[in-house]
Amino acid sequence: MRVRERLERVLRRIEDAAKRSGRDPKDITLVAVSKNFPAEVVKEAYSLGLRNFGENRAQELKEKFEELKDLSITWHFIGRIQTNKVKYFVPIAEYVHSVWRKEELDEIEKRASKIDKIMKIFIEMNISGEESKAGIREDEISSFLKLAKGYKHIEVIGLMTMAPFVKDPEEVRWVFKKLREIRDEMSKDFPSLKELSMGMSNDFEVAIEEGATFVRIGTAIFGPRT
Ligand SMILES: *Cc1c(COP(=O)(O)O)cnc(C)c1O
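Quick look at the structure, then. Note that the coordinates shown come from a computational prediction; the quantities given were computed from them, not determined experimentally.

What follows deals with the pairing of strand β3 (residues 74-77). Every second residue of β3 is oriented toward a common face, with T74 and H76 on one face and W75 and F77 on the other, all of them buried. As judged from the four bridges shared by strand β2 (residues 52-55) and β3, these two strands associate in the parallel manner. Bridging from a neighbouring strand, G54 pairs with H76 of β3. In this view, the connection linking β2 to its parallel neighbour β3 by way of helix α3 (residues 58-67) has right-handed handedness.

Dropping the structure here:
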């Protein structure tokens, strides 16, 4: 199947999931996760109308950005943050989805202040409690948000999570619901906290039904990664 057909299906499924839950599909930003695919594939997706692309490695993001400079792409950094690589993605990315440690805030602040940029970030949360997962726990979110508020060049716009990979996405609905509830609760004290980055190829419809405003989808658009 070609990217065009895959994308059409994904867009229809996003629309259907939004309508099922009484939401406007326009309130959901599709971030096409282009990791492991070459710049030409990004170009193809761009020609089909996509504008938001996500990468999980700083070096790969930088290389694709250089190759695709002429396109008006909004880049998202979605991967594990290595503090020595922050300098690569801060000038390029408009959004960072995966911030959860203080040293990451420190480094983003340092790099963003140098170019007078305000970096929009999501705080990554580990809702499922899996040991291997990045992200902060529910009992840490309030103090982390308080901490993040002190950085002049960082704006926390929302929360992000990755659900465990399961066959039936209904099994992880609770994860998305929980993230939404935390957002609702926290936004009373932190009104900039509006967005929910949740849902991938395997579970984006359930995530949308639970309130996702950004979905990060790779495989369902581009096919399996090698
Ligand atoms: C790879 C990746 C995705 C996309 O995964 P698919 O299952 O291919 O849709 C989403 N979010 C993050 C953080 C990723 O690393």
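Once the structure has been displayed, the description carries forward.
What follows covers the side chain of E109. Tracing the backbone through its elements, the reader meets E109 in helix α5 (residues 102-114). One buried charged residue, E109, remains without a salt bridge, the closest side chain of opposite sign being K152 at 6.7 Å. When sequence neighbours within four positions are dropped, the list of residues in contact with E109 reads Y151, K152, H153 and I154.

Any two side chains of opposite charge can pair if their charged atoms end up close together. Evaluation of the coordinates by the stated rule reveals 25 salt bridges. Across the pair K133 and E130 runs a salt bridge, and its minimum N-O distance is 2.6 Å. Take K133: its relative accessible area is 19%, and that puts it in the buried class. For E130, a relative accessible area of 28% corresponds to the partly exposed category. Close ionic contact of R173 with E170 constitutes a salt bridge, the shortest N to O distance being 2.8 Å. Assessed through its relative accessible area of 43%, E170 is described here as partly exposed.

Quick notes on the rules
- Residues numbered from 1 in each chain as written.
- Predicted model: local features only at pLDDT ≥ 70, side-chain atom pairs only at ≥ 80, totals over all residues.
- Heavy atoms only, no water.
- Buried < 20%, exposed > 50% of the residue type's maximum accessible area, 1.4 Å probe, protein only.
- Helix = DSSP H or I, 4+ residues; strand = E, 2+ residues; numbered from the N terminus.
- Pairing = 2+ DSSP bridges.
- Right-handed = clockwise from strand over helix to strand, strands pointing away.
- Lys, Arg positive; Asp, Glu negative; His and termini not counted.
- Salt bridge = Lys/Arg side-chain N within 4 Å of Asp/Glu carboxyl O.
- Contact = heavy atoms within 4.5 Å.

Nothing here speaks to function; it is geometry throughout.
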